[in-house]
Amino acid sequence: MELTIVVQNLGHGGLRNGAGDPEDRWPQLAERILSVGEPDLVLVQEAVEWSSYGHRQLGVAMRDLDMDAVPIPPSSSGYVPTLLYRRDTVGRWTHWNTDFSQETLHGFGVAVFDVGLPAPLAIVSAHLNPFVADKARAEAKLIATRALRYGPYGIVAGDLNYPPADPGNPAPDYGAMLPYNRSARTRLPSEVDGQLVPDRRVTETLAYTGFVDAAWKLYTERGDERLLRKTATDDRIDQLWVSAPLRDTVLDYGVLDTPAGASDHHGLVVRLDLDQAATDNVWEYR
């Protein structure tokens, strides 16, 4: 079974600009998402006001994408991540777990599907704390652990807000990095040469918990620099990670950047072949 997954930070819900003024970019975002065909899962972040006015915008997204959606998870900030799914391919969700949403700044939920693997597939649309790296590290550990709540098959993807884990990734573009992002995404300058050091500890937490960065995995196999392209102005902060038993399922990865201006983040499209999943160590959470 193959799955096509789209990941997209909407930018203030796709409904407003950074100043809070109305700016309906949803038609451009829908066009970008559907440019891949009919995705099976769409993980969005910053679904601001999607639950307002009777969940009006969530209903618009479901109609335009011809997909179903999980309920909007609780969020203290309102910049909530959520998920849409194509019932024809992944079926109905069996669990939608938001038990620890309040432990994170933007909230999250774990969507669980029976897709024919020896254990359920758990998926988290994630949006980590952009202000304090230590808090984001705690969120990353919590979200990664919850993505393994139903067994060894988990996916964590979204706006992770921090540099990718492996030091072989390109350095951020510090010239394009705004001061408040620089203070969060870098460590103190090196005492040796005074250069800024990317703070990779947040995403290293995902790797330490047993997850694999899809783009980096394919890059190590193909050597294609386009796989490491920045998704925001300064770095590849939008990422998709699969748990170790799903490592060999990663078939392809791409960046979605048209229509231009749909969001301040590029989107991702990742294709998985679940028939390649490892099945030799299926454990239960306890």
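Residues numbered from 1 in each chain as written. Predicted model: local features only at pLDDT ≥ 70, side-chain atom pairs only at ≥ 80, totals over all residues. Heavy atoms only, no water.

A. Spotlight on the overall build of the protein. Scanning the protein from terminus to terminus reveals seven helices and 14 strands. Against the compact-globule benchmark of 19 Å for 286 residues, the protein has a radius of gyration of 18 Å, which places it among compact chains. Over its C-alpha atoms, taken along the principal directions, the protein stretches across nearly 55 × 50 × 35 Å. For the protein, the proportion of contacts with a sequence separation of at least 24, taken over those separated by at least 6, is 69%. Surface exposure of the protein reaches about 12,400 Å², of which carbon and sulfur atoms provide 48%. Within the protein, one finds 27 positive and 40 negative side-chain charges whose respective centroids are separated by 2 Å. (Helix = DSSP H or I, 4+ residues; strand = E, 2+ residues; numbered from the N terminus. Rg over C-alpha atoms; globule rule 2.2 N^0.38 Å. Contact = heavy atoms within 4.5 Å. Areas by Shrake-Rupley, 256 points an atom, 1.4 Å probe, with all protein chains shown as cover. Lys, Arg positive; Asp, Glu negative; His and termini not counted. Charge placed at Lys NZ, Arg CZ, Asp CG, Glu CD.)

B. Molecular detail of helix 7 (residues 214–222). Taken together, the buried positions of helix 7 are A214, A215, W216, K217, L218 and Y219. As for helix 7, its buried residues are in contact with strand 11 (211–213), strand 12 (238–243), strand 13 (250–256) and strand 14 (267–273). Where helix 7 begins, the side chain of D213 points an oxygen toward the backbone nitrogen of A215, at a separation of 3.2 Å. Positive backbone phi, at 70°, marks G223, one or two positions downstream of helix 7. (Buried < 20%, exposed > 50% of the residue type's maximum accessible area, 1.4 Å probe, protein only. Polar contact = N/O pair within 3.5 Å; in protein donor to acceptor, adjacent residues only side chain to side chain.)

C. Highlighting the packing of helix 1 (residues 26–34) against helix 2 (residues 52–65). It is the contact of helix 1 with helix 2, at a shortest axis distance of 11 Å, that shows an interaxial angle of 40°. With respect to helix 2, the element helix 1 is oriented oblique. Relative to helix 2, the crossing made by helix 1 is right-handed. In this structure, helix 1 contributes W26, A30, I33 and L34 to the contact, and helix 2 contributes Q57, V60, A61, D64 and L65. Looking at side-chain class alone, the contact of helix 1 with helix 2 contains seven nonpolar, one polar and one charged residues. (Axes fitted to C-alpha atoms, helices over the stretch in contact; angles between N-to-C directions. Parallel < 35°, antiparallel > 145°, perpendicular 65-115°, else oblique. Left-handed = near helix turned anticlockwise from the far one by under 90°. Nonpolar A, V, L, I, M, F, W, Y, C, P; charged D, E, K, R; others polar.)

D. Main features of the nonpolar core. Residues L41, L83, F113, L121, I155, L240 and L246 are the most contacted members of the largest nonpolar core, which totals 39 residues. Counting residues per element, this core draws most heavily on helix 7, which supplies five residues. Setting aside its immediate chain neighbours within four residues, L121 contacts L3, A111, V112, F113, V115, Y153, I155 and L246. Ranked by size, the runner-up nonpolar core spans 25 residues in total, among them A144, A147, V156 and L206. (Core = buried A, V, L, I, M, F, W, Y, C linked by side-chain atoms within 4.5 Å.)

E. Structural context of the sheet that holds strand 6 (residues 110–113). The six strands are arranged 5-6-7-8-12-11 in an open sheet whose pairing can be described as mixed. Only two strands of the sheet have a single neighbouring strand rather than two, namely strand 5 (95–97) and strand 11. The average undirected angle you get between the axes of adjacent strands in this sheet is 20°. Summarising the sheet, strand 5 and strand 6 pair through three bridges and their orientation is antiparallel. Along strand 6, the bridge assignment pairs N97 with V110. In the packing of helix 4 (residues 133–146) onto the sheet, contacts are made with strand 5, strand 6, strand 7 (121–127), strand 8 (153–159) and strand 11, and the angle to strand 7 comes to roughly 160°. On the sheet, helix 6 (residues 201–208) packs against strand 11 and strand 12 and is oriented at approximately 20° with respect to strand 12. (Pairing = 2+ DSSP bridges.)

F. Structural context of the confidence of the model for the protein. Residue-level pLDDT values for the protein average 96, and 98% of them are 70 or greater. At the low end of the mean pLDDT range in the protein sits strand 9 (residues 186–187), at 88; at the high end sits strand 2 (residues 41–45), at 99. (pLDDT = per-residue confidence, 0-100.)

G. View of the side chain of T104. Inspection of the secondary structure assignment puts T104 in the loop between strand 5 and strand 6. Residue T104 is classed as buried on the basis of its relative accessible area, which comes to 6%. At a separation of 3.0 Å, a polar atom in the side chain of T104 contacts the main-chain carbonyl oxygen of S101. At a separation of 2.9 Å, a polar atom in the side chain of T104 contacts the main-chain amide nitrogen of G107. Discounting chain neighbours no more than four positions away, the residues touching T104 are S76, E139 and L142.

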